[in-house]
Each structure stands twice: as structure tokens, then as C-alpha cells.
Amino acid sequence: MIAGDEDILNLKQTCFRQGKFALTANFEVSKGARIAIIGPSGGGKSTLLHGISGFLKPTTGQVLWEGEPMSDHPGERPLSILFQDHNLFPHLCVADNIAVGINPNMRLSEEQILLAKNALDQVGLSEKAADFPRDLSGGQRGRVGLARILLRKRPLILLDEPFSALGPALKDEMLELLSQILDLTEASALMVTHDTNDAIRFGDQAILVAEGLAHEPQEIQSLFSNPPPALKEYIGDRA
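Since the model is a prediction, treat every value here as computed from it, not as a measurement.

Draft legend 1. Examining the packing of helix α3 (residues 110-122) against helix α4 (residues 138-152) more closely. In the contact formed by α3 and α4, the axes pass within 9 Å of each other and the chain directions differ by 135°. Classified by the angle between their axes, α3 and α4 sit oblique to one another. The chirality of how α3 crosses α4 is right-handed. Along the contact surface, α3 presents L115, A116, A119 and Q122, while α4 presents A147, L150 and L151. Looking at side-chain class alone, the contact of α3 with α4 contains six nonpolar, one polar and no charged residues.

So, in C-alpha cells, the structure goes:
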């Protein structure tokens, strides 16, 4: 999917602080964009996601959605988040972990139950509905997280290295499934990754986060072909 010209997410001279660390961001994200977030460890990649999601309040600037300030309450922001642990509740079975994405009390209407079943079918887990996270492989847990995202139908998806623990073949499979879900939902997505191959496979743009600054999105191939010093030092010969 090609991103449109309409900017939906806008960080205007926004600064997020955690202890002595400060991250400044000043960029826009267009509708339908798929952007990799790259940079050295400790550079502020996860801080950026926490700021966009509302778990970290800006000390200066604003996070705008369609030109309006986002709610101060993370749950009211128009986004879904997927972390490395896939946000699963260990005491809930797969079906209930999916249901939480629709309704926190898991009391679903017949239509919502059907939607949840369809989501499990789409990620290939229809036979695992009664299993618990402890019974699943890493790839299967990732699929549950993606099924929940599919059901929530939020226009922005934030991913913080969700497939980093997987092997190359399974990681490719999960990235393909993620791409299919983004096609279905038409959501914009920002994904933190340390893997340059994953970054290239995921999107056509990248945000470099280094030395306390989240740079504007750039065409990813051009960025890797002519990396600035902070990125060149980080990726070495892997670009």
C-alpha cells in the first residue's frame, strides 16, 4: 500500500523526558505509511513510541492526530501497540486474549464473537482458541497479538520489536502477516527494529532515532545507502 499525502500524526517540536534523557521529535506521518524506527540502543526508539502512545507526557510541544491534540489518556488514543511480549494476559486463553481487544470485560455480542473467530482464522489459530499463552510458541503468541490488532481496527499501529526473538524464517512469516493486516485495516504503522533487513521489508521509509533526536521520515533505501555518522556507526557493514 502506498501512503497518502494526508498527514494524520504530527509531532510539533515535541520533547519527551525520562530521567536525564530527553528526546526531541518534529515530524509528520501520512495516512497508510509504514515506517521503520531505527537507531542505536538507548537512542530513544522506545521513548518515542511511549510518547506517541501517551504513556509518556511531552514536556514541550504536542502530539497531534488529524490536527488536534491527542487525549491524555492512552486508552483513548486511536492506536494499538504490540510489544515483544505481544501484550498477552497469561491467565486468559487465546479466545479471551482476543476478546479483550474488542471489549475489556470480554462480554461480546454474537456479532463480536463471530468477528473474533474470523480474526483467529485469519492468523491461523482457530484450533488454539482454548489454549493459554504458555502453551503457544513464540510465533503463535505473535499471531494472537496481531489478531487483536486486526479486531481493534485502530488507524495507527505501534510495534516495539515484536518479532525480535523469532528465527529468520518465522520472522519473515510474521512480517508478511503484519503486511496483510495493514492492507486490511489501512492503518499507518511505526515499527522499532534493530534489523536492517526487517526495516527494508517492512516499509519504504525510516525514522532515525539517535543522539536525542527523532529525525523526519526518509526514504529507507537512500538512508541506508548514504547513512549519517550516527547510523553508519550503528549498522556498520550491514546496510
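Draft legend 2. Structural context of the pattern of salt bridges. Counted by the stated rule, this structure contains seven salt bridges. Of the charged contacts in the structure, one is a salt bridge between K171 and D195, with a shortest N-O distance of 3.5 Å. Residue K171 is located in helix α5 (residues 168-185), and its partner D195 is located in the loop between β8 (188-192) and α6 (196-202); the two are separated by 24 residues in the primary sequence. Residue classification places K171 among the buried positions, given a relative accessible area of 11%. Each of K171, D195 and D198 takes part in a single network of salt bridges with overlapping partners.

Conventions adopted
Residues numbered from 1 in each chain as written. Predicted model: local features only at pLDDT ≥ 70, side-chain atom pairs only at ≥ 80, totals over all residues. Heavy atoms only, no water. Axes fitted to C-alpha atoms, helices over the stretch in contact; angles between N-to-C directions. Helix = DSSP H or I, 4+ residues; strand = E, 2+ residues; numbered from the N terminus. Parallel < 35°, antiparallel > 145°, perpendicular 65-115°, else oblique. Left-handed = near helix turned anticlockwise from the far one by under 90°. Contact = heavy atoms within 4.5 Å. Nonpolar A, V, L, I, M, F, W, Y, C, P; charged D, E, K, R; others polar. Salt bridge = Lys/Arg side-chain N within 4 Å of Asp/Glu carboxyl O. Buried < 20%, exposed > 50% of the residue type's maximum accessible area, 1.4 Å probe, protein only.

Purely spatial values, then, with no claim about function.
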